[in-house]
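What follows is the residue order along each chain.
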Amino acid sequence: MRGYQSMKSYRIDKTKNIGNVIFVVEGGRAETGGTELRLLKKIFADILGYKVHELRRGSEEFIGHGENSQFCVFALNLPKNQLTQLTEDAIDALFCRLKEEFNLKPEDCPVFFLV
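Note that the structure is a prediction, hence the values are computed from the model and not measured. (Residues numbered from 1 in each chain as written. Predicted model: local features only at pLDDT ≥ 70, side-chain atom pairs only at ≥ 80, totals over all residues. Heavy atoms only, no water.)

A. Seen up close, the overall build of the protein. Within the protein, the secondary structure is distributed over two helices and five strands. Across the 115 residues in the protein, those meeting the buried criterion constitute 36%. Of the contacts formed within the protein by residues at least 6 apart in sequence, a portion of 56% connects residues at least 24 apart. Summed over all atoms, the accessible surface of the protein reaches about 7,900 Å², with 51% contributed by carbon and sulfur. (Helix = DSSP H or I, 4+ residues; strand = E, 2+ residues; numbered from the N terminus. Buried < 20%, exposed > 50% of the residue type's maximum accessible area, 1.4 Å probe, protein only. Contact = heavy atoms within 4.5 Å. Areas by Shrake-Rupley, 256 points an atom, 1.4 Å probe, with all protein chains shown as cover.)

Here it is as structure tokens:
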């Protein structure tokens, strides 16, 4: 079988508790949220059924997707277009919003920066 590779099959455990996870995303337009935010929503809300709270650049409100609020993923679009321009104050402001609106402790959550 030249040119073909077999793929392993994987079983997705939708009951696995991931807790709260924060993704800070660099790119994206305010209107669409960008590719990264759409992919995060597709994977975590549409496929896995987790609750995704999305905050797009320039938006004041979080957009919720998904059903299962036991598993929360926060997808935050950076206020600036480049991670190198991100200041500690901007990250602190994003994390303060999470504390105030969702009673979440960002220091206790895994945080991933996607560029």
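B. Spatial organisation of the pattern of salt bridges. Applying the stated criterion across every chain yields a total of five salt bridges. Of the charged contacts in the structure, one is a salt bridge between E54 and R56, with a shortest N-O distance of 2.5 Å. Relative accessible area serves as the criterion here: at 3%, E54 is assigned to the buried category. One connected set of salt bridges, linked through shared partners, spans K41, K42 and D46. (Salt bridge = Lys/Arg side-chain N within 4 Å of Asp/Glu carboxyl O.)

C. Seen up close, the environment of L94. By secondary structure assignment, the location of L94 is in helix 2 (residues 88-102). Since its relative accessible area comes to 9%, L94 is described here as buried. Separated by 70 residues in the primary sequence, L94 and V24 have C-alpha atoms spaced 9.5 Å apart.

D. Highlighting the sheet that holds strand 1 (residues 20-25). With respect to topology, five strands assemble into an open sheet ordered 3-2-4-1-5, the strand pairing being mixed. Sheet topology places strand 3 (63-65) and strand 5 (111-114) at the edges, where each strand pairs with a single neighbour. When the angles between neighbouring strand axes are averaged without regard to direction, this sheet yields 20°. Pairing analysis gives four bridges linking strand 1 to strand 5, with the strands arranged parallel. Paired with V25 across the strands is L114, a residue of strand 5. Contacting strand 1, strand 2 (50-55), strand 3, strand 4 (68-77) and strand 5, helix 1 (residues 34-47) crosses the sheet at an angle of about 165° to strand 2. Helix-sheet contacts for helix 2 involve strand 1, strand 2, strand 4 and strand 5, and the interaxial angle to strand 4 is about 155°. (Pairing = 2+ DSSP bridges. Axes fitted to C-alpha atoms, helices over the stretch in contact; angles between N-to-C directions.)

E. Expanded view of a nonpolar patch on the surface. Together, I12, L39, I43 and I47 give the surface a local cluster of nonpolar side chains, amounting to about 350 Å² of exposed area. Inspection of the secondary structure assignment puts I43 in helix 1. (Patch = residues over 30% accessible without salt bridge, like charges linked within 9 Å, V, L, I, M, F, W, Y side chains within 5 Å.)

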